[in-house]
Amino acid sequence: MRLPIKVLPEVLVNQIAAGEVIERPAAVVRELVDNSLDAGATRIEIDVERGGVQLIRVRDNGEGIAADDLVKAVARHATSKIASQDDLAAVSSLGFRGEALPSIASVARLQIVSRAAGESQASQLSVTAGEIGTQGPAAREQGTTVEVRDLFFAVPARRKFLRSERTELAHIVDLVERAALSRFNVSFRLRCNGRDLLDFPAAGSLAEQTTRFGSILEPQFAADSIPVAARSGPVELAGWIAQPTASRARADRQYWFVNGRSVHDRLLASAVRVAYRDVLYHGRHPAYLLYLSIDPELVDVNVHPAKQEIRFRDSSQVHAFVRHAIEDALARGSTAASATIGSGASARLPDESSPPQLPLAVARADDGEMIVTRPAAGGQSAPMVREAAGAYFGRVLGQVHGIYVLAETARGLALIDMHAAHERVLYERLKANVGGLAASQRLLEPLTISLTTREMQQALHNLPACAAAGFDITQISEQALLLRAVPALLRDASAAVLLREALLVEERSEAGHHLGGGAERVLAEIACRAAVKANRRLATDEMTALLRDMEHTVRIDQCNHGRPTWVEFPLAEIDRWFLRGR
Ligand code: ADP
Ligand code: MG
């Protein structure tokens, strides 16, 4: 039989809301730390016991809650952060829904002790499973302490969903680390069962910030990540991304912050993934730490009660902006350091004459040194800068074991993997041809390429990419193609053979290809097949040409599979080998 319709009691409403807001102890930590940050705290101390189930205590030195407001703070839909629809549309605080404290209070034992700025004494309020308990004066300096005991004791069904203490603690650690990455100027300390787990002093200088994020991501990341800085109108991107050669087997260590809020956003993650696709081996993942600032009106944070999901008003524009900024940073790669100002070296800025002119983005590389880059515009990566002199990769000394080129550089010795480097040079040129007028070289006699009917299907799919790269090729029957011209830059290679391989390349699953239909995969295949093979003897002028080509190629530091193309031995290091003091 159907029950009559009833309005649910307030405590039950809060417990239902708690189901969404407080999925586990770490979510309580998140809500309380968010409140401390919204209150302008510069010091936040977190204590937990038994994975947060027995106790979560967050203590801050923020602006505090006035004694008269304490009861309101635990009332549903009560907030000091927004007051109107307009406020909601432009919200910049982490909280705004006014449901965290009542939700927590409805499923646990909550105590708040707070002293507001300017008040002569603190006051406290206790709530047990939604029932307001004692209230009265207390002792405390300015700030707020919120204590949550016996989480979910009032909803035993929820307790069953908790994982082991260790797992819950791991989620809390992740949460506090994210908070620490979101505000470098705030000090954080996390203690578990009385033992210090995390301790982050306030980090003002870049060196201190690097120490903080290095200890969270890993010291190696801090040592050799690539700085990112780009701006386009109301959107700004800053942060650090891993060198492609430092990729990881798992997609962890990827942090996104939007207007100071840690978010899990598929759109942003995809933009980075696409940008790395050219330089990362399939199935590997980069670590990164990225901060997006955007006009709050252009992003909706009120998508889910936990507020970790967001929605951009113009998602494709944000995606393109982020992708280009990351591609640009990767294209500069480790060469960023050579384009520094103030180092006294012959630094040169990316081509000033190429329109459209965007504002220069400036990032601090090391203390005192500024990296200046021009943010990517309309899909074009800024030209890479090696050194004004041009001879970054130096003078050829010879070929080593049929695989490497040895060169003397201004800084020491360089070993270049000739196949990997040549492959990258060819790939970038093939891509640059696409959409433009690819220079072709006519064959003296057209060549017929025979295929099975099934192969023809795949070939027709890849044909446009090959055509764009400079192959003049037409279908003449169900099982034959006619090749009349090949890209000029491949004239030496056995073009017909490699074309056949390229035509039969199967698409990778990644969607959102900017050349469309797996074209890059086809071009990468062509580049790999056409690049010089091991054991081919190269004449000195061929090797010199390769070095000069490398200097003008973006992303030259890695081959198409993410392996390094060259390494350098600085003279100082060589001197050390010989115990030679300088
Ligand atoms: P919201 O954060 O969405 O406003 P909450 O339920 O988390 O909702 O908190 C309710 C209110 O309690 C906040 O709007 C704020 O005024 C006050 N408050 C909560 N925690 C703190 C704190 N640590 N310091 C100062 N004020 C706080
Ligand atoms: Mg809140």
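All values derive from a computational prediction rather than experimental measurement.

**Observations concerning the site of ligand 1**
In the vicinity of ligand 1 there are 20 residues, among which N35, T79, S80, K81 and G98 approach most closely. Residue A100 places a main-chain N or O atom 3.3 Å away from an oxygen atom belonging to ligand 1. Protein burial of ligand 1: of its 530 Å² of free accessible surface, 93% is covered by the chains. Taken together, the elements giving at least two residues each to the shell around ligand 1 come down to helix 2 (25–38) and helix 5 (100–107). Of all the elements, helix 5 adds the most residues to the shell around ligand 1, at 3 residues. Its residues assigned to classes, the shell around ligand 1 shows 8 nonpolar, 8 polar and 4 charged.

**Details of the sheet that holds strand 23 (residues 472–477)**
Strands in a sheet are paired, the pairing made by backbone hydrogen bonds, and the direction either parallel or antiparallel. Within the open sheet, the 3 strands sit side by side as 22-24-23. Their pairing is antiparallel. Each of the sheet's edge strands pairs with one partner strand only, and the pair in question is strand 22 (440–450) and strand 23. Neighbour-to-neighbour, the strand axes of the sheet open up by a mean angle of 15 degrees, direction not taken into account. Summarising the sheet, strand 23 and strand 24 (residues 480–487) pair through 5 bridges and their orientation is antiparallel. Looking across to strand 24, one finds that S477 is bridged to A480.

**Re the pairing of strand 21 (residues 412–417)**
Relative to strand 21, strand 20 (residues 404–408) is paired through 5 bridges, and the arrangement is antiparallel. Looking at the pairing, L406 lines up with L415 of strand 21. The turn linking strand 20 back onto strand 21 is made up of 3 residues. As paired strands, strand 21 and strand 25 (residues 566–570) are joined by 5 bridges and run antiparallel to one another.

**A short note on the confidence of the model for the protein**
Averaged over all residues, the pLDDT of the protein equals 83, while 87% of them reach at least 70. Contacts of residues 335–389 to residues separated by more than four positions or lying in other chains number 100 contacts, the stretch itself having pLDDT below 50. For residues 509–517, every residue scores under 50 in pLDDT, and the model assigns this stretch 18 contacts once sequence neighbours within four places are set aside.

**Focus on the pattern of salt bridges**
Using the criterion set out here, one finds 36 salt bridges in the structure. Note that R253 and E218 form a salt bridge whose closest N and O atoms lie 3.7 Å from each other. Placement of R253 in the loop between strand 10 (235–241) and strand 11 (254–258) and of E218 in the loop between helix 8 (206–216) and helix 9 (219–224) is noted, with a sequence separation of 35 residues between them. Note on R253: relative accessible area 25%, which makes it partly exposed.

**Some details on the pairing of strand 10**
Most of strand 10 sits inside the fold, with 5 of its 7 residues counted as buried. Of the pairings in the sheet, the one linking strand 9 (residues 226–232) to strand 10 comprises 7 bridges and is antiparallel in character. Bridge pairing in strand 10 links A229 to A238. Between strand 9 and strand 10, which pair antiparallel in sequence order, lie 2 residues; one of them, G233, sits at a positive phi of approximately 55 degrees.

**A few points about the side chain of S247**
Position of S247 relative to the elements: it lies in the loop between strand 10 and strand 11. Judged by its relative accessible area of 15%, S247 falls in the buried class. The contact partners of S247, leaving out residues within four places of it in the chain, are L280, R284 and H285.

**Focus on the nonpolar core**
Ranked by size, the top nonpolar core spans 97 residues in total, and within it L292 and V322 carry the most contacts. Beyond its immediate sequence surroundings of up to four residues, V322 is in contact with L237, W256, L268, A271, V272 and L292.

**Some details on the packing of aromatic side chains**
The tally for this structure, following the rule as stated, stands at 9 aromatic pairs. Aromatic pair F213 and W240: ring centres 4.3 Å apart, planes at 40 degrees, arrangement tilted. A residue pair is termed long-range when its members are at least 10 positions apart, and F213 in helix 8 and W240 in strand 10 qualify at 27 residues. The pair formed by F213 and W240 is uniform in burial state, with each residue classed as buried. Here the aromatic rings of Y392 and W566 are separated by 6.0 Å at their centres, their planes lie at 90 degrees, and the arrangement is edge-to-face. With Y392 in the loop between strand 18 (369–373) and strand 19 (395–400) and W566 in strand 25, this pair connects stretches of sequence that are 174 residues apart. Its relative accessible area of 9% is what places Y392 among the buried residues. With a relative accessible area of 13%, W566 lands in the buried category. Here the aromatic residues F184, F257 and Y291 are joined through ring pairs into a cluster of three or more. Positioned over the ring face of F96 is K307, at 6.0 Å from the centre of the ring.

Quick notes on the rules
Residues numbered from 1 in each chain as written. Chains lettered and ligands numbered in written order. Predicted model: local features only at pLDDT ≥ 70, side-chain atom pairs only at ≥ 80, totals over all residues. Heavy atoms only, no water. Near = heavy atom within 4 Å. Polar contact = N/O pair within 3.5 Å; in protein donor to acceptor, adjacent residues only side chain to side chain. Areas by Shrake-Rupley, 256 points an atom, 1.4 Å probe, with all protein chains shown as cover. Helix = DSSP H or I, 4+ residues; strand = E, 2+ residues; numbered from the N terminus. Nonpolar A, V, L, I, M, F, W, Y, C, P; charged D, E, K, R; others polar. Pairing = 2+ DSSP bridges. Axes fitted to C-alpha atoms, helices over the stretch in contact; angles between N-to-C directions. pLDDT = per-residue confidence, 0-100. Contact = heavy atoms within 4.5 Å. Salt bridge = Lys/Arg side-chain N within 4 Å of Asp/Glu carboxyl O. Buried < 20%, exposed > 50% of the residue type's maximum accessible area, 1.4 Å probe, protein only. Core = buried A, V, L, I, M, F, W, Y, C linked by side-chain atoms within 4.5 Å. Phe/Tyr/Trp six-rings, centres within 6.5 Å; stacked < 30°, edge-to-face > 60°. Lys NZ or Arg CZ within 6 Å of the ring centre and 35° of its normal.

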